[in-house]
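In case you want the letters, here they are:
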Amino acid sequence: MAYIVSLLGSKGGSGKTTLSHMLCYGLGLLGHRAAYVMTDGGREAPRPGTLPYVYADGREAPARARIIQALKSREDWIGVVDGGANQMQTDDGLHAESDLVLLPFRDSAEDLRVVCRDLERMPHALALPSQWPSNPWQFKASVRLLESAPEPLHGRILAPVFALSASKQLLQDPLPESLPTALSSACRAVARYLVGLLELDGAPLPAERTALGAAARMTRVVAAREKAGA
Ligand SMILES: Nc1ncnc2c1ncn2[C@@H]1O[C@H](COP(=O)(O)OP(=O)(O)OP(=O)(O)O)[C@@H](O)[C@H]1O
Ligand SMILES: [Mg+2]
């Protein structure tokens, strides 16, 4: 069975493109067939042959529809659709066509406000904290931010994907001959994370996969480490 996964959201710079590439690269490392579908009309297409996975240009609506239909008719492919900021109509169409919609957002009150509005508009979408801080102090502040989201949305906010500066190397042209191990591991981890979400098949997120569930677990781990070190 083929899956269409879209990374959408109205806010610019949230990590849609970087995460799309991380997913495609990581899915390849896990042995899945992934296709990167570009839909952002404001961006240049990658040079032919520069990506280590299949590329499809879905910047125009008719081409996008053809690509999605073609992907859906293939066995065992995962189409990763990279959205663009402020493309609400395109986002709504992709939301209807996708098996999974992820809305990356960064740790700011403005990003949270925008993603909560997008979650209301796209009822099957899940919000994905992206480029998240791993520094303990910043992380604690980020948890308070997440707690400030409207309660009915808490179960639709996923465990965070942490910031990794090396991730920009995936968008380099040409792609470096070898990528840092930390980056390959992060791509593999994010791809596994995606496969786990697809396996849920639309069922509600188990508590440990939500941002606040994951944060509670991490807080317990940090407290235990602090206690052991004291
Ligand atoms: N996990 C990450 N760790 C560190 N930096 C990141 C990460 N993800 C994205 N970035 C950085 O954040 C910036 C924006 O990322 P990206 O271009 O992926 O966002 P976008 O949502 O696709 O933006 P746009 O809406 O303009 O298309 C880039 O400089 C990118 O390198
Ligand atoms: Mg982008």
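All figures in this text were calculated on a predicted structure; none of them were measured in a lab. Within each chain, residue numbers correspond to sequence positions counted from 1 in written order. Chain letters and ligand numbers both follow the written order, the letters beginning at A and the numbers at 1. Under the rules for a predicted model, residues below a pLDDT of 70 receive no local features and side-chain atom pairs below 80 are neither given nor counted, while totals for whole chains, interfaces and linings still include all residues. For side-chain calculations, the full set of non-hydrogen atoms in the structure is used, while hydrogens and water are omitted.

Participant: Could you clarify how one ought to interpret the overall build of the chain in this entry?
Facilitator: Under the scheme used here, helices are H or I runs from DSSP no shorter than 4 residues and strands are E runs no shorter than 2 residues, and both carry numbers assigned from the N terminus. A tally of regular secondary structure across the chain gives seven helices and six strands. N-terminal to C-terminal, the α/β element order of the chain is β-α-β-β-α-β-α-β-α-β-α-α-α. For the chain, the spread of C-alpha atoms along the three principal axes comes to 60 × 40 × 30 Å. Contacts: residue pairs with any heavy atoms within 4.5 Å of one another. For the chain, the proportion of contacts with a sequence separation of at least 24, taken over those separated by at least 6, is 74%. All tallies of charge rest on Lys and Arg as positive and Asp and Glu as negative; His and the ends of each chain are not included. Each charge is placed at NZ for Lys, CZ for Arg, CG for Asp and CD for Glu. When the 25 basic and 24 acidic side-chain charges of the chain are each reduced to a single mean position, those positions are 5 Å apart.

Participant: Honestly, the pairing of strand 6 (residues 126–129) in this entry has me stumped. Any pointers?
Facilitator: Strand residues, when the strand is regular, have side chains that alternate between the two faces of the sheet. Partly exposed describes any residue whose relative accessible area lies between the buried limit of under 20% and the exposed limit of over 50%, with all areas from a 1.4 Å probe on protein chains only and scaled to the type maximum. Side-chain alternation along strand 6 places L126 and L128 on one buried face and A127 and P129 on a second face that is also buried. When DSSP finds two or more bridges between a pair of strands, those strands are recorded as paired. Sheet analysis places strand 5 (residues 100–105) next to strand 6, joined by four bridges and oriented parallel. Opposite L102, over in strand 6, you have L126 as the bridge partner. Note on handedness: a clockwise path from strand one over the helix to strand two, with the strands aimed away from the viewer, defines a right-handed crossover. Where the polypeptide runs from strand 5 across helix 4 (residues 109–121) and back to strand 6, its parallel neighbour, the crossover connection is right-handed.

Participant: Got a minute to help me understand the pattern of salt bridges in this structure?
Facilitator: Oppositely charged side chains are able to pair whenever their charged atoms sit close together. By salt bridge we mean one thing: a side-chain nitrogen of Lys or Arg within 4 Å of a carboxyl oxygen of Asp or Glu. Per the stated rule, a full pass over the model turns up seven salt bridges. Across the pair D92 and R121 runs a salt bridge, and its minimum N-O distance is 3.1 Å. Taken together, the residues span a long stretch of sequence, with D92 in helix 3 (residues 88–97) and R121 in helix 4 at a distance of 29 residues. Given a relative accessible area of 34%, D92 falls into the partly exposed group. For R121, the salt bridge is made with D118, and the minimal N-O distance between the two is 3.0 Å. Placement of the pair is R121 and D118 together in helix 4, with a separation of three residues, close to one helical turn.

Participant: Just checking my understanding: could you explain the environment of T18 for this structure?
Facilitator: Looking at the element boundaries, T18 is found in helix 1 (residues 16–29). For T18, a relative accessible area of 24% gives the class partly exposed. Ignoring any residue separated from it by four or fewer positions in sequence, one finds T18 in contact with S167 and L171.

Participant: Any chance you could explain the site of ligand 1 here in plain terms?
Facilitator: Close to ligand 1 lie 16 residues, the nearest being G13, K16, T17, T18 and L164. Under the rule applied, a polar contact is a pair of N or O atoms within 3.5 Å (in protein, one hydrogen donor and one hydrogen acceptor; residues adjacent in sequence only if both atoms are side-chain atoms). With respect to ligand 1, the side chain of T17 contributes an N or O atom lying 2.8 Å from an oxygen atom. Here an oxygen atom of ligand 1 and a side-chain polar atom of Q131 are 3.3 Å apart. Protein contacts shield 77% of the accessible area of ligand 1, which totals 630 Å² for the unbound molecule. Classes in brief: Ala, Val, Leu, Ile, Met, Phe, Trp, Tyr, Cys and Pro nonpolar; Asp, Glu, Lys and Arg charged; the others, Gly included, polar. Residues of the shell around ligand 1, tallied by class, amount to four nonpolar, eight polar and four charged. One heavy atom within 4 Å of a molecule or strand makes the whole residue count as near it. Only the protein chains shown count as cover for residues, and the accessible areas themselves come from Shrake-Rupley with a 1.4 Å probe.

Participant: Would you explain unusual backbone geometry in this entry?
Facilitator: Comment: phi is negative for the bulk of residues other than glycine, and the bulk of peptide bonds are trans. Cis geometry marks the peptide bond from D173 to P174, where omega comes out at 0°. For P174, the position within the fold is in the loop between helix 5 (136–147) and helix 6 (181–200). In this structure, Q131 is a non-glycine residue whose phi angle is positive, near 55°. Note that Q131 resides in the loop between strand 6 and helix 5. Looking at Q131, the relative accessible area reads 30%, which means it is partly exposed.

Participant: I keep staring at the nonpolar core and nothing clicks. Help me out?
Facilitator: Nonpolar side chains in soluble globular proteins tend to be buried together. Joining through side-chain atoms within 4.5 Å is the link that ties buried Ala, Val, Leu, Ile, Met, Phe, Trp, Tyr and Cys residues into a set, and such a set is a nonpolar core. Formed by 33 residues in total, the largest nonpolar core has its most connected members in L27, L100, L102 and L194. Only strand 1 (3–7), helix 1, strand 2 (33–38), strand 4 (77–82), strand 5, strand 6 and helix 6 provide two or more residues apiece to this core. Per-element tally for this core: the top contributor is helix 6, with eight residues. Those residues in contact with L100, other than ones at most four positions away along the chain, are I4, V5, S6, L126, L194, L197 and L198. By size, the runner-up hydrophobic cluster in this structure holds 31 residues, among which are I67, C116, L119 and A211.

Geometric descriptors of this kind do not, in isolation, establish any biological role.
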